[in-house]
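What follows is each chain in one-letter form.
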Amino acid sequence: STGETAGKAAAGEAKKDKTLEEITLEMLEQLGASVRPARNVPNVEALSWVLEQLRSSNPPSTLDMEWFSMGDPQATELAAALKANSSVTELKLRYNEIRDDGAVALAGALESHESLETLTLGNNMIANRGAEALAKAIASKGKVSTLDLRYNSMGPTLPEAFCELKSLTLLDIRANRLESLPAKLGELTQLKTLVIERNHDLAPASLNSASPTDELLKALRAQETG
């Protein structure tokens, strides 16, 4: 019909409008952390440029270092530069190769960083040791409101340190290896968005990952009193 033809044409035009990067990101979201960037050598030139900017007289407030193929050594180098910085409010480190050692190094920098509000570390290889260090560092400052750790390797239980993140309004821990969440996480009533889908079968059974955030928090609190 005419309506169906017009709908298909509109969908085709919308698809054409998407950039290659947007299409690639959508594919990665669907496929998860098993997909890595084709480039497996750290982007040394880009990293050096970012570090220069951090040390300049007019450092940026947002650091976008996604797709840098950064491993633990590069994350440690970045952490050292961040310790002497107070301007960065948003740090974007998705789609890298950061593991626990790199996350611990970054946590050390965040302990003395006063201004950070958003930290995105999705699509890395961070397990519980690194995640716990990050949570403790963030809790000590109480300013970070957005924490994105999707598609990492946390599990089987989320570290208890996450229960102290009282400044968070968004926590994304989807697609890790989690089988249970601490009951006290339900006490973070300031959370507006809690994303837990694509983990293992989370206990208890009442914890439906598709539920709205307020219902998820309520289920967690019930687990504590049950």
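The structure we're discussing is the one just above.
The paragraphs below set out a description of the structure included in this document. The numbers attached to residues start from 1 for each chain and follow its sequence in the written order. At least 70 in pLDDT is required for a residue's local features to be given in this predicted model, at least 80 for side-chain atom pairs to be given and counted, and no such filter applies to totals for whole chains, interfaces and linings, which use all residues. Hydrogens are left out, water is left out, and the side-chain values use all remaining heavy atoms of the structure.

**Quick look at the sheet that holds strand β3 (residues 118-120)**
What makes two strands pair is DSSP finding at least two bridges between them. Under the DSSP-based scheme used, a helix requires at least four consecutive residues in state H or I and a strand at least two consecutive residues in state E, with every element numbered from the N terminus. What the six strands build is an open sheet, ordered β1-β2-β3-β4-β5-β6; its pairing is parallel. Either end of the sheet is taken by a strand with one partner, and the two such strands are β1 (62-64) and β6 (193-195). The sheet shows a mean angle of 5 degrees between the axes of neighbouring strands, direction not considered. Sheet analysis places β3 next to strand β4 (residues 146-148), joined by three bridges and oriented parallel. Bridge pairing in β4 links Thr118 to Thr146. Under this scheme, a helix contributes an axis fitted over its contacting stretch, all axes are lines through C-alpha atoms, and angles between N-to-C directions fall in the 0 to 180 degree range.

**Considering the pattern of salt bridges**
Take a side-chain nitrogen of Lys or Arg and a carboxyl oxygen of Asp or Glu: if they are within 4 Å of each other, that pair is a salt bridge. If you walk through the whole model with that rule in mind, you get seven salt bridges. Salt-bridge contacts for Arg129 lead to Asp101; the nearest nitrogen and oxygen are separated by 2.6 Å. Highlighted residues: Arg129 in helix α6 (residues 128-141) and Asp101 in helix α5 (residues 100-110), separated in sequence by 28 residues. Given a relative accessible area of 46%, Asp101 falls into the partly exposed group. A salt bridge links Glu132 to Lys136, with the nearest nitrogen and oxygen atoms 3.7 Å apart. Taken together, the positions of Glu132 and Lys136, both in helix α6 and four residues apart, correspond to about one turn of that helix. Shared partners join several salt bridges into a network, and the residues in it are Asp148, Arg150, Asp172 and Arg174. Each residue is placed in one exposure class: buried if its accessible area under a 1.4 Å probe, protein chains only, is under 20% of its type's maximum, exposed if it is over 50%, and partly exposed if it falls in between.

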